[in-house]
Amino acid sequence: LETLLVIGVDKMEPLVSSGSYNNDGQADFLLLAIFDKTAKTTTILHINRDTMTDIPILGVTGEPAGTIFAQLALAHTYGDGLEDSCENTADAVSMLLGGVKIDHYVGMTMGAVPLLNDMVGGVTVTVLDDFSGIDDSLVEGETITLQGEQALHYVRIRRGLEDSTNLNRMERQQQYLNALTDQIESLGDGFSPSFSELDQLSQYIVSDCSVQQLNDLTRRYAGYEMAEEMLDIKGEARQGTEFVEYYPDEEALQEQVLSLFYVPKEA
């Protein structure tokens, strides 16, 4: 197996260092791509940012300083907002999944969404929520091709909606990602972003891989069969003292980890 963690940081501006051991960018979106090199398959695990779990924390010198039980999204706030924050988030996801190795990560601020969306010519979805008074161009039940800020609103907004839970937003995010994948596949060799587009997009992205390594990963697994449905972790959302907290079903999570990352030992 090879794994790639995609981290969507809830900030709009390009990525810059906070110059400190902490920052204010939470991991609002977490997706783990699992590539099975034997079965030639790709499985996507969408992880709720509200998941309550042990997350590693960093001290004022940037060194590990133990763990706290908190929302998974907060793992990214430790570190300067660049590589060390992504590494801390990857460590938190690994701990949640029982020590599974996270091979690579890509962190991206939400400001990159309109750029990526428009690079592929827009993404077509049937609007799942009523965005009245928030973005009136998004009409529930209508099928539209999202452009620019529309795409950002569709995958990011939850406050002010009838169902403002992250679970509801995750449903929209999964719908959007599936439609984005379909759009890229439909373009085939016609998907060729310009240097200026890639240069602009790169300002919003940080990764442990170089651009060439990411390109190699994409090419290596492009022919793999994609699992029909994006997976998530079963659990229960509860209203905490201040925020909604998501508690995984520990037994179901253990079974899911065994199914995704292990094979039975031969007798």
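Residues numbered from 1 in each chain as written. Predicted model: local features only at pLDDT ≥ 70, side-chain atom pairs only at ≥ 80, totals over all residues. Heavy atoms only, no water.

(A) Here's a closer look at the pattern of salt bridges. Tallied over the full model, the rule gives 12 salt bridges. We note a salt bridge from D28 to R169, for which the minimum N-O separation is 3.2 Å. Of the two residues, D28 is situated in strand 2 (residues 27-36) and R169 in helix 4 (residues 166-187); the sequence distance between them amounts to 141 residues. Accessibility assignment for this pair places D28 and R169 in one class, buried. (Salt bridge = Lys/Arg side-chain N within 4 Å of Asp/Glu carboxyl O. Helix = DSSP H or I, 4+ residues; strand = E, 2+ residues; numbered from the N terminus. Buried < 20%, exposed > 50% of the residue type's maximum accessible area, 1.4 Å probe, protein only.)

(B) View of the nonpolar core. Counting residues in hydrophobic clusters, the biggest one holds 33 residues, and the most contacted among them are L5, L32, I47, L72, L97 and F261. Mapped onto this core, the elements with two or more residues apiece are strand 1 (2-9), strand 2, strand 3 (41-47), strand 4 (52-58), helix 1 (83-96) and helix 7 (250-261). In terms of residue count, the dominant contributor to this core is helix 1 (5 residues). If we skip the residues at most four places from it in the chain, F261 touches L1, T3, L32, I34, L97 and V100. Among the nonpolar cores identified, the runner-up in size contains 19 residues, and L138, I144, L152 and A179 belong to it. (Core = buried A, V, L, I, M, F, W, Y, C linked by side-chain atoms within 4.5 Å. Contact = heavy atoms within 4.5 Å.)

(C) Looking closely at the state of the cysteines. One pass over the structure, following the stated rule, counts 0 disulfides. As a non-bridged cysteine, C86 has C209 as the owner of its nearest cysteine sulfur, 12 Å distant. Owing to a relative accessible area of 0%, C86 belongs among the buried residues under this scheme. For C209, a relative accessible area of 11% gives the class buried. (Disulfide = S-S within 2.5 Å.)

(D) Fine view of the environment of S192. Inspection of the secondary structure assignment puts S192 in the loop between helix 4 and helix 5 (195-202). Taking C-alpha positions, S192 is 8.9 Å from V120, a pair spaced 72 residues apart along the chain.

(E) Highlighting the environment of I134. With respect to the helices and strands, the residue I134 is situated in the loop between strand 7 (123-126) and strand 8 (143-146). For the pair formed by I134 and S164, sequence separation is 30 residues and the distance between their alpha carbons is 13 Å. Residues within four places of I134 in sequence aside, it is in contact with I157, R159, G160 and L161.

(F) Quick look at the packing of aromatic side chains. The full count for this structure, using the stated rule, is 4 aromatic pairs. Measuring from ring centre to ring centre gives 4.9 Å for Y221 and Y224, while their planes differ by 70 degrees; the resulting arrangement is edge-to-face. Three or more aromatic residues joined by ring pairs make a cluster, and in this case those are F35, Y221 and Y224. Across from the ring centre of Y154, 5.9 Å away, lies the NZ or CZ of R172, which sits over that ring. Here the basic side chain of R238 rests over the ring of Y247, its NZ or CZ set 4.2 Å away from the ring centre. (Phe/Tyr/Trp six-rings, centres within 6.5 Å; stacked < 30°, edge-to-face > 60°. Lys NZ or Arg CZ within 6 Å of the ring centre and 35° of its normal.)

(G) A look at unusual backbone geometry. A positive phi angle is found at K40, which is not glycine, with a value near 60 degrees. Position of K40 relative to the elements: it lies in the loop between strand 2 and strand 3.

(H) Quick peek at the packing of helix 2 (residues 112-119) against helix 3 (residues 149-156). Following both chains from N to C, one finds helix 2 and helix 3 inclined at 120 degrees, their axes separated by 8 Å at the closest point. Classified by the interaxial angle, the pair formed by helix 2 and helix 3 is oblique. Crossing handedness for the pair helix 2 and helix 3: right-handed. Within the contact between the two elements, helix 2 uses V113, P114 and N117 and helix 3 uses E149, A151, L152 and V155. Partitioned by chemical class, the residues of the contact of helix 2 with helix 3 number 5 nonpolar, 1 polar and 1 charged. (Axes fitted to C-alpha atoms, helices over the stretch in contact; angles between N-to-C directions. Parallel < 35°, antiparallel > 145°, perpendicular 65-115°, else oblique. Left-handed = near helix turned anticlockwise from the far one by under 90°. Nonpolar A, V, L, I, M, F, W, Y, C, P; charged D, E, K, R; others polar.)

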